[in-house]
Amino acid sequence: MPEGDILLSNADGAIRALGPTVLVCECPGDGLDLAVRRIAAFALTASLIIVGIVAARAAPFPILFIAGTWTAGATAALLVVRRRRRLHGLFLLDFDRAEIVQEGRGFRRTFPIQAIARVSTPPAWDADVDEPGLAPRWLLLHLSTGEQLRLGRAPAYALGPALAFLKRAGVDA
């Protein structure tokens, strides 16, 4: 990540200001992705083994329903992870060049800065902290296309500097 003023830095990523008009956000979101990919790989491999056993006539035909269920579940989980991956990545918000660049795992997208509709900080799904002010929140960038980009995750107080930067840049909260 390039050098600059650190606005947020934690285990879930980092946000840096590179001058008054450039914001660099790193929100990898890889923890769940890796677990789902490994479990899906196991389920698909086990399904292939079951199909092979049934093809060798060593198991009854109805066992294929188990393999089919595992295959369908693994495929659905991989699709959800792929869609979720589009929310995360390394984001460069350059207000001088009027563009947002997202670099994710295996893709790169560019949006015009005018596509930003608003910014929000909803609670993270695993916000089970007893103290409400310490519950993790997402810093979401809502685009006019309906897409959302996750710029970072932290308690509300820690997102303040990044929100202030976006407000100064003219983004509505």
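The model shown is predicted, which means the values in this text are computed figures rather than measured ones.

Peer 1: Would you mind showing me how to read the packing of helix H1 (residues 31-55) against helix H2 (residues 64-85) here?
Peer 2: A packed helix pair is summarised by two numbers, namely the angle formed by the two axes and the spacing between the axes. At a minimum axis separation of 8 Å, H1 and H2 run at an interaxial angle of 155°. When the interaxial angle is binned, H1 and H2 end up roughly antiparallel. Along this stretch, H1 crosses H2, giving a crossing that reads as left-handed. Across the interface between the two elements, Leu32, Asp33, Val36, Arg37, Ala40, Ala43, Leu44, Ala46, Ser47, Ile50, Val51 and Val54 of H1 pack against Leu64, Ile66, Ala67, Trp70, Thr71, Ala74, Ala77, Leu78, Val81, Arg84 and Arg85 of H2. For the contact of H1 with H2, the residue count by class is 17 nonpolar, two polar and four charged.

Peer 1: Where do I start with unusual backbone geometry in this structure?
Peer 2: Glycine aside, the phi torsion of most residues is negative, and most peptide linkages are trans. Unusually for a residue other than glycine, Arg57 sits at a positive phi of about 60°. In this fold, Arg57 is placed in the loop between H1 and H2. The backbone of Ala98 shows a phi angle near 60°, a positive value even though the residue is not glycine. Within the secondary structure layout, Ala98 lies in the loop between strand S4 (89-94) and strand S5 (99-104).

Peer 1: Help me understand the packing of aromatic side chains in this model?
Peer 2: Centre-to-centre distance and the angle between the planes together describe a pair of aromatic rings. Inspection of every chain in the model, using the stated rule, returns one aromatic pair. Each ring, one from Phe95 and one from Phe165, has its centre 6.3 Å from the other, and the planes form 55°; the classification is tilted. In this pair, Phe95 sits in the loop between S4 and S5 while Phe165 sits in helix H3 (residues 156-168), placing the two residues 70 residues apart along the sequence. Across this residue pair, the class does not change: Phe95 and Phe165 are buried. The lysine or arginine in question, Arg150, covers the ring of Trp138, its NZ or CZ lying 4.2 Å from the ring centre. Positioned over the ring face of Trp138 is Arg153, at 5.5 Å from the centre of the ring.

Peer 1: Help me understand H1 in this model?
Peer 2: Two residues of an α-helix separated by three or four positions point the same way, owing to the 3.6 residues in each turn. If you check H1, its first and last C-alpha atoms are 37 Å apart, about what 25 residues at 1.5 Å a residue would give, namely 36 Å. Restricting attention to buried positions, one finds in H1 the residues Asp33, Val36, Ala40, Ala43, Ala46, Ser47, Ile50 and Val54. In this structure, the buried residues of H1 make contact with H2. Of the residues flanking the end of H1, it is Arg57, one or two places downstream, whose phi is positive at about 60°.

Peer 1: Help me out: how do you make sense of the pattern of salt bridges in this one?
Peer 2: Pairing between side chains of opposite charge can happen when their charged atoms approach one another. Inspection of the entire model under this criterion finds five salt bridges. Across the pair Arg84 and Asp33 runs a salt bridge whose closest N-O atoms are separated by 3.0 Å. Highlighted residues: Arg84 in helix H2 and Asp33 in helix H1, separated in sequence by 51 residues. We classify Asp33 as buried; its relative accessible area is 2%. We note a salt bridge from Glu147 to Arg109, for which the minimum N-O separation is 2.6 Å. Here the residue Glu147 occupies a position in the loop between strand S8 (136-143) and strand S9 (148-155), and Arg109 occupies one in strand S6 (residues 107-112), the gap between them amounting to 38 residues. A relative accessible area of 27% places Glu147 in the partly exposed class.

Rules and cut-offs
- Residues numbered from 1 in each chain as written.
- Predicted model: local features only at pLDDT ≥ 70, side-chain atom pairs only at ≥ 80, totals over all residues.
- Heavy atoms only, no water.
- Axes fitted to C-alpha atoms, helices over the stretch in contact; angles between N-to-C directions.
- Helix = DSSP H or I, 4+ residues; strand = E, 2+ residues; numbered from the N terminus.
- Parallel < 35°, antiparallel > 145°, perpendicular 65-115°, else oblique.
- Left-handed = near helix turned anticlockwise from the far one by under 90°.
- Contact = heavy atoms within 4.5 Å.
- Nonpolar A, V, L, I, M, F, W, Y, C, P; charged D, E, K, R; others polar.
- Phe/Tyr/Trp six-rings, centres within 6.5 Å; stacked < 30°, edge-to-face > 60°.
- Buried < 20%, exposed > 50% of the residue type's maximum accessible area, 1.4 Å probe, protein only.
- Lys NZ or Arg CZ within 6 Å of the ring centre and 35° of its normal.
- Expected span 1.5 Å × (residues − 1).
- Salt bridge = Lys/Arg side-chain N within 4 Å of Asp/Glu carboxyl O.

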